[in-house]
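# A closer look at the structure
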Amino acid sequence: IRVPTVHIEQKKSVPYQMLLLLEQMQRSKRRAVYPQELVSCLTWHNLKLFVQYDAAQLFLSLWNLIKSQITDGQLADRLTTLYTIRVQEYLVCQKCSFETRRDSNMLSLPLPMFNSCSQRLKTLEDTLRCFFQPEQLTDNNMCLCEQCERKTPCLQGMRLTCLPHTLTLHLKRFYYKKSSWTQKISYSLPFPQSLDFNQILTQEQCHPDAKEKADWQYELFGVVAHSGLASFGHYCAYIRSLTEGKWYCFNDSSVCQVLWDDVKCTYGNSHTHWGETAYLLVYMRKNSQ
Ligand SMILES: *[C@@H]1O[C@H](CO)[C@@H](O)[C@H](O)[C@H]1NC(C)=O
Ligand SMILES: [Zn+2]
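### Let's talk about the domain arrangement of the protein
Domain boundaries assigned for the protein yield domain 1 (1-83) and domain 2 (84-285). Placing the centre of domain 1 and that of domain 2 at their C-alpha centroids yields a distance of 26 Å. Counting residues at the interface gives 15 residues for domain 1, matched by 22 residues for domain 2. Of the roughly 1300 Å² buried between domain 1 and domain 2 on both sides combined, carbon and sulfur atoms contribute 58%. Along the contact surface separating domain 1 from domain 2 lie 0 salt bridges. Run the count over domain 1 and domain 2 and you get 5 residue pairs in polar contact (both at pLDDT 80 or more). Among the secondary structure elements, those contributing two or more residues to the side of domain 1 that touches domain 2 are α4 (55-69) and α5 (73-83). Looking at the side of domain 1 that touches domain 2 element by element, the count peaks at 5 residues for α4. For the side of domain 1 that touches domain 2, the class distribution of residues is 10 nonpolar, 3 polar and 2 charged.

As structure tokens, this is what we get:
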């Protein structure tokens, strides 16, 4: 990352401030370092202080700022490759079978907590299967088919084409109800330490090339968990050390070693709406550099 020459540009550069913070974390003899410089840098870019941000939204904002401010194009491309999920959106006419496709990129998969019949999904694997489940568009939702030259019933869905080295999954635990506050869904949703996409998705739900598919084995690396209510609460991060394999809980300035059973407590609990629930899950590709 290139260091900006002008002082004010250094203050405004998110990648540079992030780098300084990580260096401080690595070198400092203090128990915790405070991210004032990074925070004041973010306020230059219209992020507000003393507001509870949604972790998924903040992740996206931060990522976009870092990517847009990295001046080295190759480095920006590497960052994109590291995190970007590629999918193919499709629409199939049910009358003539004509298919339209569009490739798109995502930084995280926003996973539903309920299926299309409003039934609770039981596991992370179920939410992934549901996400890639096509939907029938009929009646008012019919689409214009190029070939039939009229509106026809169609099947709309997404196929997974490429998974990144670092895969971010986002549980849609917060939702807006009409004329009401944002609600938080606290019920239990277990997630595994290892995830094999070949076992989860069907042939129709993914189109990877052969080389890509062999690498669809993932291991949990981080969990961002939220406790409290939708409008008010606290985030903690659980991170597994890549060198020793142990889990740590990062709770503001306190960092302590925890067990997998402690991480499992973030599955959630339907009896307590204040309870800690996993919100972002970060998986890392197994056996890769
Ligand atoms: C984080 O720290 C706060 C304040 O000390 C404490 O109340 C809370 O239980 C901690 N959360 C976790 C998950 O350890
Ligand atoms: Zn058609």
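### Brief notes about the pattern of salt bridges
When their charged atoms lie close together, side chains carrying opposite charge are able to pair. Counting across every chain of the model gives 7 salt bridges. Between Glu99 and Arg101 there is a salt bridge, with the nearest N and O atoms lying 2.7 Å from each other. A salt bridge links Asp261 to Lys264; the nearest nitrogen and oxygen atoms lie 3.5 Å apart. A residue pair is termed a helical-turn pair when its members lie 3 or 4 positions apart in one helix, as Asp261 and Lys264 do in helix α9 (residues 260-264) at 3 residues.

### What about the packing of helix α2 (residues 14-27) against helix α3 (residues 36-44)?
Interhelical geometry of α2 versus α3 gives an angle of 165 degrees and a closest axis separation of 9 Å. Between α2 and α3, the interaxial angle falls into the category roughly antiparallel. Seen along the crossing, α2 lies across α3 with a hand that is left-handed. Residues Val14, Gln17, Met18 and Leu21 of α2 pack against Glu37, Leu38, Cys41 and Leu42 of α3. Each residue belonging to the contact of α2 with α3 can be placed in one class, and the counts come to 6 nonpolar, 1 polar and 1 charged.

### A closer look at the coordination of the zinc ion (ligand 2)
Every protein donor of the zinc ion (ligand 2) is accounted for by Cys93 (SG), Cys96 (SG), Cys145 (SG) and Cys148 (SG), and the metal-donor separations fall at 2.2 to 2.3 Å. Around the zinc ion (ligand 2) sit 4 donor atoms, and with donor-metal-donor angles ranging over 105 to 114 degrees the site reads as tetrahedral. Read from N- to C-terminus, the donor residues coordinating the zinc ion (ligand 2) fall into the pattern C-x2-C-x48-C-x2-C.

### Here we look at the side chain of Gln205
Mapped onto the secondary structure, Gln205 falls in the loop between α7 (197-200) and α8 (210-214). Residue Gln205 is classed as buried on the basis of its relative accessible area, which comes to 5%. For Gln205, the side chain forms a polar contact with the main-chain oxygen of Phe132, separated by 3.1 Å. Apart from the residues within four sequence positions on either side, Gln205 is in contact with Arg129, Phe132, Gln133, Met158, Arg159, Leu160 and Ile200.

### Notes on the site of ligand 1
By nearness alone, every residue bordering ligand 1 is listed as Cys236, Tyr238, Asn251 and Glu276. Between Asn251 and ligand 1, the recorded distance is 2.2 Å, taken from a side-chain N or O atom to an oxygen atom. When ligand 1 is considered free in solution it has 370 Å² of accessible area, and contact with the protein chains removes 34% of it. Per-class residue counts for the shell around ligand 1 are 2 nonpolar, 1 polar and 1 charged.

Parameters and conventions
Residues numbered from 1 in each chain as written. Chains lettered and ligands numbered in written order. Predicted model: local features only at pLDDT ≥ 70, side-chain atom pairs only at ≥ 80, totals over all residues. Heavy atoms only, no water. Domains from an automatic or database assignment. Contact = heavy atoms within 4.5 Å. Buried area = accessible area lost by both parts, 1.4 Å probe. Salt bridge = Lys/Arg side-chain N within 4 Å of Asp/Glu carboxyl O. Polar contact = N/O pair within 3.5 Å; in protein donor to acceptor, adjacent residues only side chain to side chain. Helix = DSSP H or I, 4+ residues; strand = E, 2+ residues; numbered from the N terminus. Nonpolar A, V, L, I, M, F, W, Y, C, P; charged D, E, K, R; others polar. Axes fitted to C-alpha atoms, helices over the stretch in contact; angles between N-to-C directions. Parallel < 35°, antiparallel > 145°, perpendicular 65-115°, else oblique. Left-handed = near helix turned anticlockwise from the far one by under 90°. Donors = N, O, S within 2.8 Å, 3.2 Å for Na, K, Ca; no water. Tetrahedral: all angles 85-135°; square planar, octahedral: opposite > 155°, others 65-115°. Buried < 20%, exposed > 50% of the residue type's maximum accessible area, 1.4 Å probe, protein only. Near = heavy atom within 4 Å. Areas by Shrake-Rupley, 256 points an atom, 1.4 Å probe, with all protein chains shown as cover.

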